Amino acid sequence: MKRAMTKPHALESIALLKGLPTPVLREIEKKCVWHDYGEDEQIFDRDNDSRDIYFVASGRVRIVNYSMSGREVSFDDIATGGTFGELAAIDAKPRSASVVAREPTTVAALESGALLELAVKHPQVAIALMKRLARIVRAATERIMDLSTHGAHNRVYAELLRLARGEDESAAAKANATITPMPTHSEIASRVSTTRETVARVLSELQHSGLVRREHDGFVVTDLERLRAMVEEFRGE
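Description of the structure in this document. (Residues numbered from 1 in each chain as written. Predicted model: local features only at pLDDT ≥ 70, side-chain atom pairs only at ≥ 80, totals over all residues. Heavy atoms only, no water.)

1. Some details on unusual backbone geometry
Alright, step 1. Here the amide bond leading from threonine 180 into proline 181 is cis, since omega sits at 0°, within 30 degrees of zero.
Alright, step 2. With a phi close to 75°, aspartate 47 is a non-glycine residue in the positive phi region.
Alright, step 3. Mapping aspartate 47 onto the fold places it in the loop between strand E3 (42-44) and strand E4 (53-58).
Alright, step 4. A positive phi is found at serine 193, a non-glycine position, where the angle reads about 55°. (Helix = DSSP H or I, 4+ residues; strand = E, 2+ residues; numbered from the N terminus.)

As structure tokens, this is what we get:
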């Protein structure tokens, strides 16, 4: 890990800070501690007692936990413009998961007190933070339901639908979507608690049916409505 100097304009892409005046962004940049991480380098582990919130200025990180046997359980990937670590920054409790860089990544760490002060002075930040936490809760609820009620094949369908939609609220109205970068079979398997072989088999079936196709470095879901209907069918809705 290398510590970097303040990087001017590096926070322009951060969704949580969208709409803040330029002078405010410059002040936040000065308060941040900047870090560069290499691929697969750990940023912090579960139960770490740090309290900073992190802004992903460039790159991509993965939120993961590990079972007693060492099996990786993946929760989410956070790309450029995203944030992580907000739970500990808000409630001052230990980290609930580990975070690992998935590619060369630059992050800005802002201490908890500075985040809370920012939220008080600029309500749009507080609202954006609440919306992000709401998305986290909704995603967790969906995953619990999927793990409780779906077979392995159907959990893969649900994960593909989630990846295709991402955080784009307008994606539900689109006919198709591209999942990029292309997740590996192991990555999908770790998200839905199944094996790589099962994921490979499901993707092969979906490609054979024409619902999914490989394109460059991603998967194209050719019919989002059809995939959604497949998922909802097995949820009993």
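On we go from here.
2. A short note on the pattern of salt bridges
Alright, step 1. Across all of its chains, the model carries 15 salt bridges by this definition.
Alright, step 2. With a shortest N-O distance of 3.2 Å, glutamate 215 and arginine 213 are connected by a salt bridge.
Alright, step 3. Relative accessible area serves as the criterion here: at 33%, glutamate 215 is assigned to the partly exposed category.
Alright, step 4. For glutamate 225, the salt bridge identified is with arginine 228, shortest N-O distance 2.7 Å. Residue glutamate 225 and its partner arginine 228 are located together in helix H8 (residues 224-235), separated by 3 residues, close to a single helical turn.
Alright, step 5. Residue classification places arginine 228 among the partly exposed positions, given a relative accessible area of 26%. (Salt bridge = Lys/Arg side-chain N within 4 Å of Asp/Glu carboxyl O. Buried < 20%, exposed > 50% of the residue type's maximum accessible area, 1.4 Å probe, protein only.)

3. Some points on the sheet that holds strand E12 (residues 218-221)
Alright, step 1. Strand order across the open sheet formed by 3 strands is E10-E12-E11, with antiparallel pairing between neighbours. Looking along the sheet, the strands with just one partner apiece sit at the ends: strand E10 (177-179) and strand E11 (212-215). This sheet shows a mean twist of 30° between the axes of neighbouring strands, independent of strand direction.
Alright, step 2. Pairing of E11 with E12 involves 4 bridges; the strand directions are antiparallel. Across the sheet, arginine 214 pairs through a bridge with phenylalanine 219, a residue of E12. (Pairing = 2+ DSSP bridges. Axes fitted to C-alpha atoms, helices over the stretch in contact; angles between N-to-C directions.)

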